[in-house]
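# An overview of the molecular structure
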Amino acid sequence: MRIFLPLLVLLVAIPETALAVNIRLQWEPNTEPDLAGYKIHYGNASRAYTTSINVGNVTSYTLTNIDPKNRYYIAITAYDTEGLESGFSNEVRWPYLNLIDFEGDGKNDLAVYRVNNGAWYIRPSSGAAPYGVGWGGDPSDKPAPGDYDGDGRTDIAIYRASLFTLFIFPSGGTPPYAIGWNGDASDRPVPGDHDGDGKADIVIYRGSTGAWYVFPSGGSAPYGIGWGGNSSDKPVPADYDGDGRTDIAVYRASTGAWYIFPTESGSPFGIGWGSHASDMPVPADYDGDGKADIAVYRSATGAWYVYPSGGSPPYGVGWGGDSTDKPVPGDYDGDGKADLAVYRGATGAWYILPSGGSAPYGMGWGGNSSDLPVTLTLSSIYQ
């Protein structure tokens, strides 16, 4: 008989050791009377599965000893008593996409949001034709990109401050939608995957009170956490402990202190790194160990100061320095490490220093006086 596609509905990472995590999967059961079981398929590229596990007739399973430095794409199939197997389920990705990657090739794309016409202009890293999408246009709109549908591609989204509403244009083909709340003028969108299901959660940081409001994509109840509140605090959420979940964190510009509240493991902690008046926080995984590193871009001098999470010595690199430069770190070469990069507003040029050792390069994309570079380090540019 026909075997229907199962629906994979939950993906959560559980820390095992400093070098490994366990990924717990759960899916909705099939109802065919001759259902015999399920198989889990996963690999390091979308729809290119290199490992399959027959897990039997269960509706949950834990993948163990998963390397947090790699990306995983996961799907399941159902099979019957005659060995007939369904097609693949929906695909989930772990960890949450930490790139501006609209095409899903694992490399950062160049993109700007043009405030004066509400258009997004995207230059894919693969060499595909550049394109534009109209999504926004209100003077209060700010880009709020994230992988909200978990398909491994960045979704276009804007936060309309005048309405306290987030408008999301999913890349996976589902209809655009909006979510609003009883907002405050100090609210800022800071999307991240706090529940570990491979999708961006809608998250708001309220600067006036230091409150974080999280709307989990996995369906659990929304919640609030107080973390921050100093007038100079900037939200810097990232996965600092490498468990596949975004941690709540703030950078206190007045003192150069970072205060980090791990999602699952470990105690909250603070560390001093920064403090110059021109420092902009730019957390990213510069050493490729699966954890976000604490870092600042010093706009007064064009220097980057990085405190690696992997234990290697802190270091500084000069890259930038023009008064219109904005830091836009990302994995532009696809080697699993964040590259240093700046967007020069005066000319619309992007200057990228690849971590993989290839030659630095510049590329023009943008240049309109109202262009904002699209980046995940939102607090350095839009806050």
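These numbers come from a predicted model, not from an experiment. (Residues numbered from 1 in each chain as written. Predicted model: local features only at pLDDT ≥ 70, side-chain atom pairs only at ≥ 80, totals over all residues. Heavy atoms only, no water.)

What follows covers the overall build of the protein chain. The helix and strand inventory of the protein chain stands at 0 helices and 31 strands. Relative to a compact globule of 383 residues, whose C-alpha radius of gyration would be 21 Å, the protein chain shows 21 Å and is just as compact. Principal axes of the C-alpha set define a box for the protein chain whose edges measure 70 × 45 × 45 Å. For the protein chain, with 383 residues in total, the buried portion stands at 50%. Restricting to contacts in the protein chain with at least 6 residues of sequence separation, those with at least 24 account for 43%. For the protein chain, the exposed area adds up to about 15300 Å²; of that, 52% sits on carbon and sulfur atoms. Distance between charge centres in the protein chain, computed from 24 positive and 43 negative side chains, equals 5 Å. (Helix = DSSP H or I, 4+ residues; strand = E, 2+ residues; numbered from the N terminus. Rg over C-alpha atoms; globule rule 2.2 N^0.38 Å. Buried < 20%, exposed > 50% of the residue type's maximum accessible area, 1.4 Å probe, protein only. Contact = heavy atoms within 4.5 Å. Areas by Shrake-Rupley, 256 points an atom, 1.4 Å probe, with all protein chains shown as cover. Lys, Arg positive; Asp, Glu negative; His and termini not counted. Charge placed at Lys NZ, Arg CZ, Asp CG, Glu CD.)

Under the criterion given, the structure shown has 13 aromatic pairs. When the centroid spacing of 6.0 Å and the interplanar angle of 35° are considered together, the rings of Trp-181 and Phe-215 count as tilted. Here Trp-181 is found in the loop between strand E14 (177–180) and strand E15 (187–189), whereas its partner Phe-215 is found in strand E17 (residues 211–215), with 34 residues between them in sequence. Seen in terms of ring centroids, Trp-273 and Tyr-307 are 5.1 Å apart; in terms of plane orientation they differ by 90°. Their pairing is edge-to-face. A residue pair is termed long-range when its members are at least 10 positions apart, and Trp-273 in the loop between strand E22 (269–272) and strand E23 (279–281) and Tyr-307 in strand E25 (residues 303–307) qualify at 34 residues. Looking at Trp-273, the relative accessible area reads 19%, which means it is buried. Since its relative accessible area comes to 32%, Tyr-307 is described here as partly exposed. One aromatic cluster is present, built from ring pairs that chain together Tyr-159, Trp-181 and Phe-215. Here Lys-39 stacks its cationic end above the ring of Tyr-79, 5.6 Å away from the centre of that ring. (Phe/Tyr/Trp six-rings, centres within 6.5 Å; stacked < 30°, edge-to-face > 60°. Lys NZ or Arg CZ within 6 Å of the ring centre and 35° of its normal.)

The next point concerns the environment of Val-21. Along the chain, Val-21 falls in strand E2 (residues 20–28). The sequence separation of Val-21 and Asp-67 amounts to 46 residues, and the corresponding C-alpha distance is 6.6 Å.

Ranked by internal contacts, the top residues of the largest apolar core, which has 24 residues, are Phe-102, Trp-120, Ile-156, Val-328, Tyr-332 and Trp-350. When contributions to this core are tallied by element, the ones reaching two or more residues are strand E8 (110–114), strand E9 (119–123), strand E12 (156–160), strand E28 (340–344) and strand E29 (349–353). For this core, the leading source of residues is E8, giving 4 residues. By size, the runner-up hydrophobic cluster in this structure holds 17 residues, among which are Ile-23, Leu-35, Ile-40 and Ile-66. (Core = buried A, V, L, I, M, F, W, Y, C linked by side-chain atoms within 4.5 Å.)

Another aspect to go through is the sheet that holds strand E4 (residues 51–56). One open sheet holds the 4 strands; their spatial order is E4-E3-E6-E7, and the pairing between them is antiparallel. In the strand order of this sheet, the two ends are held by E4 and strand E7 (92–94), each with one partner. Ignoring strand direction, the axes of neighbouring strands in this sheet form an average angle of 30°. As paired strands, strand E3 (residues 35–43) and strand E6 (residues 72–80) are joined by 8 bridges and run antiparallel to one another. By the bridge assignment, Tyr-38 is partnered in E6 with Ala-78. (Pairing = 2+ DSSP bridges. Axes fitted to C-alpha atoms, helices over the stretch in contact; angles between N-to-C directions.)

Pairing between sheet strands relies on hydrogen bonds along the backbone, with the strands arranged either parallel or antiparallel. Pairing within the open sheet is antiparallel, and its 4 strands lie in the order E19-E20-E21-E22. At either end of the open sheet lies a strand with only one pairing partner, and these are strand E19 (233–235) and E22. Within the sheet, the average angular offset between the axes of one strand and its neighbour, ignoring direction, is 25°. As paired elements, E19 and strand E20 (residues 248–252) share 3 bridges and run antiparallel to each other. Paired with Asp-233 across the strands is Arg-252, a residue of E20.

Turning to its location among the elements, Ser-208 is positioned in the loop between strand E16 (202–206) and E17. Given the relative accessible area of 46%, Ser-208 is considered partly exposed. Along the chain, Ser-208 and Tyr-251 lie 43 residues apart, while their C-alpha atoms are 15 Å from each other. Leave out the neighbours within four places in its chain, and Ser-208 touches Asp-184 and Ser-186. Polar side-chain contacts of Ser-208 include one of 3.3 Å to the side chain of Asp-184. (Polar contact = N/O pair within 3.5 Å; in protein donor to acceptor, adjacent residues only side chain to side chain.)

Here we come to the pairing of E8. Looking along a regular strand, one sees side chains alternate from face to face of the sheet. Counting buried positions over the 5 residues of E8 gives 5, a clear majority of the element. Covered by surrounding structure in E8 are Leu-110, Val-112 and Arg-114 together with Ala-111 and Tyr-113, the residues of both alternating faces. Relative to E9, E8 runs antiparallel, the two being bridged by 5 bridges. From the neighbouring strand, Ala-111 faces E9, where its bridge partner is Ile-122. As consecutive antiparallel partners, E8 and E9 are separated by 4 residues, and within that stretch Gly-118 has a phi angle of approximately 70°, a positive value.

Most peptide bonds are trans, and most residues other than glycine sit at a negative phi. Despite not being glycine, Asn-65 shows a phi value in the positive range, around 55°. We note that Phe-164 has phi near 55°; this positive angle belongs to a residue other than glycine. Relative to the helices and strands, Phe-164 resides in the loop between E12 and strand E13 (165–169).

This next bit is on the pattern of salt bridges. Applying the stated criterion across every chain, the model contains 8 salt bridges. For Lys-39, the salt bridge identified is with Glu-85, shortest N-O distance 3.7 Å. Of this pair, Lys-39 sits in strand E3 while Glu-85 sits in the loop between E6 and E7; the two residues are 46 residues apart in sequence, bridging distant segments of the chain. A relative accessible area of 25% means that Lys-39 is categorised as partly exposed. Residue class for Glu-85 comes out partly exposed when judged on its relative accessible area of 37%. We note a salt bridge from Asp-279 to Arg-298, for which the minimum N-O separation is 2.6 Å. Taken together, the positions of Asp-279 in strand E23 and Arg-298 in strand E24 (residues 294–298) put the pair 19 residues apart, joining distant regions of the chain. Assessed through its relative accessible area of 6%, Asp-279 is described here as buried. (Salt bridge = Lys/Arg side-chain N within 4 Å of Asp/Glu carboxyl O.)

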